[in-house]
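This is what each chain is made of:
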Amino acid sequence: MKKLLIYGACLLLSMGAVSCHGDDPLANNTVLPVVPATPNSLSGVVTDINGNPVAGAKVTLDDGRTTTTDENGFYEFEDVSAGKHTITVEKDGMFSSTRDIDVSGSEKNLDYVEGFTMNRRNTKTVKIIPGQAAETDVTSDAIPGNDKGKVEITADVPEDAIVNADGTPVTDELEIYVTPIYTEETAQVMETKAVSDEHDMLIGATVHCSKEGVVLKKPIALTFNLDDSALNSVYTEVYDAASDKWSSVNSTKENGKIVIAATDFTSYGVFIDMTVTTADARENLTFKPSVWDNFNGNGNLYVDFSSYVYHSGANITTKAANALEGLLIEHLARKVGNKVNTINGRYNIEQSISVGAGLRIWGYQDKINWTLADKATNKNVKAVSYSTVHVFTEGWLGDHNGGGSSNN
């Protein structure tokens, strides 16, 4: 097996040669150790918004392959071709998540890390009785410790608001479903992507009816309970299924609340213009063992593997003081994750080192410093995420000193 829960990039640097050392019969057979290259791979961990692993999630790569996350939320694809790829993660009761990656076509063999955070599909149901008004509310998901990122969404249905398509009254009972959504992709009625990273949904809701063919004669008041910090930065949009597009919808902003007059059974969202900036960093890895030399041996030294510890996920470093910052944190958590996991990695060497030769292994893990900022107020939140693991190996030749133990 190439590795045990290794999801990172492997850069394998080695070269072959034969060296002779005088009349020493063992040294005359010294060969520079070579660790064979391995194909690109893609792996990661899928968690829920609370940072718990999501087992049994279906992960699909755009080359047609699928796999299922294990009890630790781990998935992996071997031999991933160079180029642009799309990964989709699905799980019953949760919103699907999609990510685009660009796999390098260089001679360096890379293992890519892509973790996913999934929101629950939390629906609130209200029964509609003809001739009566109704109201329901549902609260959005938020990561632990970010209560400012929770949004209570209220739907007020006026009396006799729902009629048949021909305008006649609805005489039987029915139900209205209100489901919080978190990105344009998670709208239940559509499949589209945001225009860019600078135009994104912070929070939204889908309003459905249990009976097909009915329409709204009176609008449902869909209220997002925020606070005044967000009102000057956000705007509202509605999804049109016929054109598969989002467009502006009127709303009122008062006392920290945004109220949309929902005139159709569809999805509505609170959007913001933002900037996302990143800065690269790295963290050195510690390998055990990291060096093997067979300069004093009297036979070949077999090397099986080296163990190391690395990280998966991300750490949100900002504490929200208001709803705007809380929602920006939620958006960033969905983008990069909200929990750092420590993983025990294993890099297989599986090489025999001849007498007079040595081998060492070292590496580092990429880190990304994220800053997500509201363009209107420049309020920003920050995170640090862990990414690709780079592993290097190098062999060298030395003088054979004779004696020593043997490991054939």
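Residues numbered from 1 in each chain as written. Predicted model: local features only at pLDDT ≥ 70, side-chain atom pairs only at ≥ 80, totals over all residues. Heavy atoms only, no water.

Q: Explanation requested: helix 2 (residues 323-336) in the structure shown.
A: Every α-helix carries 3.6 residues per turn, so stepping three or four residues along brings you back to the same face. The end-to-end C-alpha separation of helix 2 is 20 Å, in line with the 20 Å expected for 14 residues at 1.5 Å each. Burial analysis of helix 2 places 13 of its 14 residues in the buried class, the great majority of the element. Of the residues flanking the start of helix 2, the one acting as N-cap is N322, its side-chain oxygen 3.2 Å from the backbone nitrogen of L324. (Helix = DSSP H or I, 4+ residues; strand = E, 2+ residues; numbered from the N terminus. Expected span 1.5 Å × (residues − 1). Buried < 20%, exposed > 50% of the residue type's maximum accessible area, 1.4 Å probe, protein only. Polar contact = N/O pair within 3.5 Å; in protein donor to acceptor, adjacent residues only side chain to side chain.)

Q: Honestly, the pattern of salt bridges in this entry has me stumped. Any pointers?
A: Oppositely charged side chains can pair when the atoms bearing their charge come close. Per the counting criterion, the structure on display carries 11 salt bridges. In this structure, the salt-bridge partner of R99 is E114, at a minimum N-O distance of 2.7 Å. Residue R99 is located in strand 9 (residues 97-103), and its partner E114 is located in the loop between strand 10 (111-113) and strand 11 (116-118); the two are separated by 15 residues in the primary sequence. Assigned by exposure class, R99 and E114 land together as buried. Put simply, K211 and D172 hold a salt bridge, and the shortest N to O gap is 3.5 Å. Taken as a pair, K211 in the loop between strand 17 (199-209) and strand 18 (214-216) and D172 in the loop between strand 15 (162-164) and strand 16 (174-181) lie far apart in primary sequence, 39 residues in all. On the basis of relative accessible area, K211 is assigned to the partly exposed category, the value being 29%. The exposure class assigned to D172 is partly exposed, which follows from its relative accessible area of 36%. (Salt bridge = Lys/Arg side-chain N within 4 Å of Asp/Glu carboxyl O.)

Q: Which parts of the structure should I look at to understand the nonpolar core?
A: General note: in soluble globular proteins, nonpolar side chains tend to be found buried as a group. One finds I153, I176, L222 and F224 to be the most contacted residues of the largest nonpolar core, which totals 62 residues. Apart from residues lying up to four places away in sequence, I153 is in contact with T136, D137, V138, V178, P180, I203, G204, A205, L222, T223 and F224. (Core = buried A, V, L, I, M, F, W, Y, C linked by side-chain atoms within 4.5 Å. Contact = heavy atoms within 4.5 Å.)

Q: Where do I start with empty space enclosed by the protein in this structure?
A: Over the atoms rolls a probe the size of a water molecule, and in doing so it shows where empty space is left. Counted by the stated rule, this structure contains 1 cavity of 30 Å³ or more. Each pocket or cavity is described by its volume, and for the largest cavity that value is around 30 Å³. For the lining of the largest cavity, the secondary-structure elements that each account for two or more residues are strand 17 and helix 2. The element that contributes the greatest number of residues to the lining of the largest cavity is helix 2, accounting for 3 residues. Split into classes, the residues belonging to the lining of the largest cavity amount to 4 nonpolar, 2 polar and 3 charged. (1 Å grid on protein atoms, 1.4 Å probe; cavity = no way out; pocket = protein on both sides within 12 Å on 5 of 7 lines; lining within 4 Å. Points joined across faces, edges and corners; volume = space filled by probe spheres on them. Nonpolar A, V, L, I, M, F, W, Y, C, P; charged D, E, K, R; others polar.)

Q: Whenever I open this one, the pairing of strand 16 confuses me. Can you help?
A: The two faces of the sheet receive side chains in turn, since in a regular strand these alternate between them. Among the 8 residues of strand 16, 6 are classified as buried, and the element is accordingly described as predominantly covered. Pairing of strand 12 (residues 124-128) with strand 16, which is carried by 5 bridges, proceeds in the antiparallel orientation. When the sheet's bridge partners are listed, V126 is paired in strand 16 with I176. Both strand 16 and strand 17 contribute to a ladder of 6 bridges, which runs antiparallel. By the bridge assignment, Y177 is partnered in strand 17 with H208. (Pairing = 2+ DSSP bridges.)

Q: Mind showing me how you'd approach the sheet that holds strand 13 (residues 134-139) here?
A: Two modes of strand pairing occur in sheets, parallel and antiparallel, and in both the strands are linked by backbone hydrogen bonds. Taken in spatial order, the 5 strands make up an open sheet running 13-14-19-23-22, and their pairing is antiparallel. On the outer flanks of this sheet lie strand 13 and strand 22 (251-254), each paired with one strand and no other. Averaged over all neighbouring strand pairs, the angle between strand axes comes to 20 degrees, with direction disregarded. Strand direction decides the pairing type here: strand 22 and strand 23 (residues 257-262), joined by 4 bridges, are antiparallel. In the strand pairing of strand 23, K253 is matched with I258. (Axes fitted to C-alpha atoms, helices over the stretch in contact; angles between N-to-C directions.)

Q: Would you explain the packing of aromatic side chains in this entry?
A: By convention here, two paired aromatic rings are described through the distance between centres and the angle between planes. If you walk through the whole model with that rule in mind, you get 11 aromatic pairs. A connected cluster of aromatic rings, assembled from ring pairs, spans Y235, Y239, W246 and F271. The ring of F305 carries the charged tip of R346 above its face, separated from the ring centre by 3.8 Å. Residue placement shows R360 over the ring face of W362; its charged tip is 4.0 Å from the ring centre. (Phe/Tyr/Trp six-rings, centres within 6.5 Å; stacked < 30°, edge-to-face > 60°. Lys NZ or Arg CZ within 6 Å of the ring centre and 35° of its normal.)

Q: Explain the sheet that holds strand 5 (residues 58-61) to me, please; I cannot follow it from the model alone.
A: Reading across the sheet, the 4 strands line up as 6-5-8-9 and stay open at both edges, with antiparallel pairing between neighbours. Each end of this open sheet is capped by a strand with a single partner; those strands are strand 6 (66-68) and strand 9. Averaged over all neighbouring strand pairs, the angle between strand axes comes to 20 degrees, with direction disregarded.

Q: Explain unusual backbone geometry to me, please; I cannot follow it from the model alone.
A: When glycine is set aside, most residues are seen to have a negative phi, and most peptide bonds are trans. Looking along the chain, the bond that leaves K288 and enters P289 is cis, with omega of -10 degrees. One can find P289 in the loop between strand 25 (287-288) and strand 26 (291-293). In this structure, D79 is a non-glycine residue whose phi angle is positive, near 55 degrees. Here D79 shows up in the loop between strand 7 (74-78) and strand 8 (83-90). Here the phi dihedral of D160 falls at roughly 55 degrees; this positive angle occurs in a residue that is not glycine. Within the secondary structure, D160 is located in the loop between strand 14 (152-157) and strand 15. Using a relative accessible area of 36% as the deciding quantity, one classes D160 as partly exposed.

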